[in-house]
Amino acid sequence: MRNDMSLQDDKLHEECGVCGAWFPPASAETEQEGVGPERPLMGRLLYYGLLALQHRGQESAGIATNGAAPDAGASTSAVPEVKASSALNFTLEKGMGLVSEVFSAAKLEVLDGNIGIGHTRYSTAGNSILVNAQPLTGHSKQGPLSVVHNGNLTNADIIRELLEESGNLFRTESDSEVILNLVARSAVKKGVAEAVWDATQAIQGSFALIVMTSDTMIGARDRNGIRPLCIGTLEDGYLLASESCALDAVGAEFLRDVAPGEIVVINPEGLHSLRGSERTRTQTCSFEYIYFARPDSVVDGKSVYEMRRKSGKLLAREAPVTADFVAAVPDSGIPAAIGFSEESGIPYGIALIKNRYAGRSFIQPSTDDRRRTVRVKLNPLTGAVRGKRVVLIDDSIVRGTTMHMLIARLREVGAAEVHVRIASPPVAYPCYFGIDTPYREELISSHRDEERVRRHIEADSLAFLSGEGLAAALGGQDAFCTGCFAGVYPVGAPIGSPYRSLNGLEAGHNGIQ
Ligand code: SF4
C-alpha cells in the first residue's frame, strides 16, 4: 500500500532496519550456581541498536528473544505468534510507532535470552498494521523460529501461492512470512542453516535478513548485496545490524560486512560462513550512500559521510556558480554542502533551520497540510538569507514539491538568488527493492529535462550530479545499483508488477535471475 506519509516527505524511504545479537548460553554449572551469564540484558541492548536504526523505519518496531517470558508460553505481544509446543519459548514484543514509543522499561526487562533480533519498519509491501510488524515468529518441528527482514522480494507472490497450495497458512501480507515459511518447511529435514540457504536460493529481490532459533542466529544478504548487513563483536558475543551506526550505539566493534550471497551462522561453535552462490554480483543500493544510511555508518567499507562530501566536491566542479554562501537542506544535504563549499571556496552557511521535533504526521495530507508541514519542519534564517545569493544543496529531488516550497520561502524572506545543486543524478525511475517510491509519473525528473525541472521549482539555476560523478563518488561504476537513476536494475521487476509496464522493464533489466 502506498503510504500517505510518503506524500508529506518528498524523499525516497528506506523500508526497514534489522539488528540481532547472540551471546554464548550460560553453562550448566553457572546455571546451577545461580550465577547469571556475563552479557547485557538482551531487550535493552537491541533497544539501543534499534534506536540507532530508527531512520530506516518509523511505523513499527519489535524485538524477539529466545528466553521465555515470565508467563512462559505466552507472547507479551498482542499478536499471539509464539505457540511453542516444547519447553522452548520465545518472547516477542512489537507495536506501532517509534522504538521509544513501543518499548517501556518494563517491556524490555522481560525480553531476556542469549539471542535476540529486532526490527524497525517503514512499509510498502503490506499494510501499516500491527500484524505485519516484525519480528515474525513461527514454529517448525525443530522448534521456534523468528525472522526479521529488510528488503523486498520480487517473486514473493509466486512462492506464497505455491506454499498456500501445499497447505501453508499466512497470517500477514509481508514478504518476510514467505521466508519464514520456506525456512520452517525445510528445517525439518536439513536443519535451519541449510534451510535458510535453500530459502535464499529460492527467493529473488533484495534481502538482508536475520533468523533466530533457540540456539542459533543466522544472517543472510541477497546475492547482489542490495541492502546492507554487517557483523560486530561485543564481549564474547556477535551482533548483526543493517548499519554500523547500530554497532557503535551499543559499544560493539565492527567486524566486517556480510558479503553479497553470504550466510553467516552463529551458534555455540562460533561464527561460520556459507557462501557459494555462483550468481553473486555486488550491486549495493547507491541510495544507501546518497540518503538512506546514516552519515556515521560505514557500508561495505565506505564511509557514507565521505561519499556524500565527495559528491558535493564533484558537483562543485561539474556545476560551478557564483554565490554568497552554500547552504544545505538539513540534514540530508549537509555533507554534500560541506564538500561543495570546500571545493568552490564559497563559504558554508545556514539558510534553513530544521524543527527536530516535528516528526511524522499521520494526518491525511491535503495540499495545505503539506505546505504547512514543510513550513513547520524547515524555516528560513531570515537574517542570513536576506539579499544573499544562496547555493542550496540537497541529496536528491523526488517529486520536487518540497524544493519548490523551500525556494519560495527563501525568496519570501529576501534571498536575492537561489541556485539549486543536487548531489545525485535525476531520480527518473521507481525502485522495487523495498523502497517507498512514487509511481514513475510522480517523479519530477521522469518526464522533465533539467531546464523544465528548474522552471517547475522556480530556481535561478539547477544542476544534478552526473552519472559519472556519482560513480566517481562511490569509487566504482559497476558495484552499485543505480536503477532509480538509469532504469537498469540488478534483478527483474516482479511479474505482474505495474513497474514492468511503467518502466518498459519487460526486457529492460540487466537480469541476473
Ligand atoms: S533502484 Fe536501486 S539505487 Fe535506487 S533506491 Fe532502489 S535499490 Fe537503491
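The paragraphs below set out a description of the structure included in this document. (Residues numbered from 1 in each chain as written. Predicted model: local features only at pLDDT ≥ 70, side-chain atom pairs only at ≥ 80, totals over all residues.)

A short note on the overall build of the chain
Next, step 1: The helix and strand inventory of the chain stands at 19 helices and 23 strands.
Next, step 2: For the chain, the proportion of its 513 residues judged to be buried stands at 52%.
Next, step 3: Within the chain, counting contacts between residues at least 6 apart in sequence, those at least 24 apart form 73% of the total. (Helix = DSSP H or I, 4+ residues; strand = E, 2+ residues; numbered from the N terminus. Buried ≥ 20, exposed ≤ 12 C-beta atoms within 10 Å, placed from the backbone. Contact = placed C-beta atoms within 7 Å.)

What about the site of the ligand?
Next, step 1: Taken together, Leu12, Ile226, Cys285, Ser286, Phe287, Cys431, Phe433, Ile435, Cys481, Thr482, Gly483 and Cys484 make up the full set of residues adjacent to the ligand.
Next, step 2: Among the elements of the structure, α10 (286-292) and α18 (483-486) are those that each provide at least two residues to the shell around the ligand.
Next, step 3: For the shell around the ligand, the per-class residue count stands at nine nonpolar, three polar and no charged. (Near = placed C-beta within 6 Å. Nonpolar A, V, L, I, M, F, W, Y, C, P; charged D, E, K, R; others polar.)

Comments concerning the nonpolar core
Next, step 1: Judged by nonpolar contacts, the single largest core of 73 residues is most densely connected at Val183, Val196, Val211 and Ile218.
Next, step 2: If you tally residues by element for this core, the top one is helix α7 (residues 175-190), at seven residues.
Next, step 3: Leaving out residues up to four positions away in the same chain, Val196 has contacts with Val183, Val211, Ile218, Ala220 and Ile263.
Next, step 4: Judged by nonpolar contacts, the second largest core, of 68 residues, contains Val453, Leu470, Ala473 and Cys481. (Core = buried A, V, L, I, M, F, W, Y, C linked by C-beta atoms within 7 Å.)

Description of the sheet that holds strand β5 (residues 136-140)
Next, step 1: Taken in spatial order, the six strands make up an open sheet running β5-β6-β7-β8-β12-β13, and their pairing is antiparallel. The open sheet terminates on both sides in strands that have one partner only, identified here as β5 and β13 (270-274). Direction aside, neighbouring strands of the sheet carry axes that sit 20 degrees apart on average.
Next, step 2: Along the sheet, helix α8 (residues 192-202) contacts β7 (205-212), β8 (217-221), β12 (263-267) and β13; its crossing angle with β8, the most-contacted strand, is approximately 15 degrees. (Pairing = 2+ DSSP bridges. Axes fitted to C-alpha atoms, helices over the stretch in contact; angles between N-to-C directions.)

A few points about unusual backbone geometry
Next, step 1: The omega angle of the peptide bond from Gln134 to Pro135 is 10 degrees, so this bond is cis rather than trans.
Next, step 2: Tracing the chain through its elements places Pro135 in the loop between β4 (115-121) and β5.
Next, step 3: Of the consecutive residues Pro330 and Asp331, the connecting peptide bond is found in the cis state with omega at -5 degrees.
Next, step 4: For Asp331, the location among the structural elements is in the loop between β17 (325-328) and α12 (334-344).
Next, step 5: Here Glu235, not a glycine, exhibits a phi torsion of approximately 50 degrees, which is positive.
Next, step 6: Residue position: Glu235 is located in the loop between β9 (230-234) and β10 (237-241).
Next, step 7: Its identity is not glycine, yet Glu458 carries a phi of approximately 60 degrees, on the positive side.
Next, step 8: Tracing the backbone shows Glu458 in the loop between α16 (450-457) and β22 (461-464).

Focus on the sheet that holds β17
Each strand in a sheet pairs with its neighbour through backbone hydrogen bonds, running either in the same direction (parallel) or in the opposite one (antiparallel).
Next, step 1: Taking strand neighbours across the sheet as the criterion, the four strands line up as β17-β20-β21-β22 in an open arrangement whose pairing is parallel. Either end of the sheet is taken by a strand with one partner, and the two such strands are β17 and β22. In this sheet, adjacent strand axes meet at a mean angle of 20 degrees when their direction is disregarded.
Next, step 2: In terms of strand pairing, β17 meets strand β20 (residues 389-394) through four bridges, oriented parallel. Across the sheet, the residue bridging to Ala328 is Ile393, located in β20.

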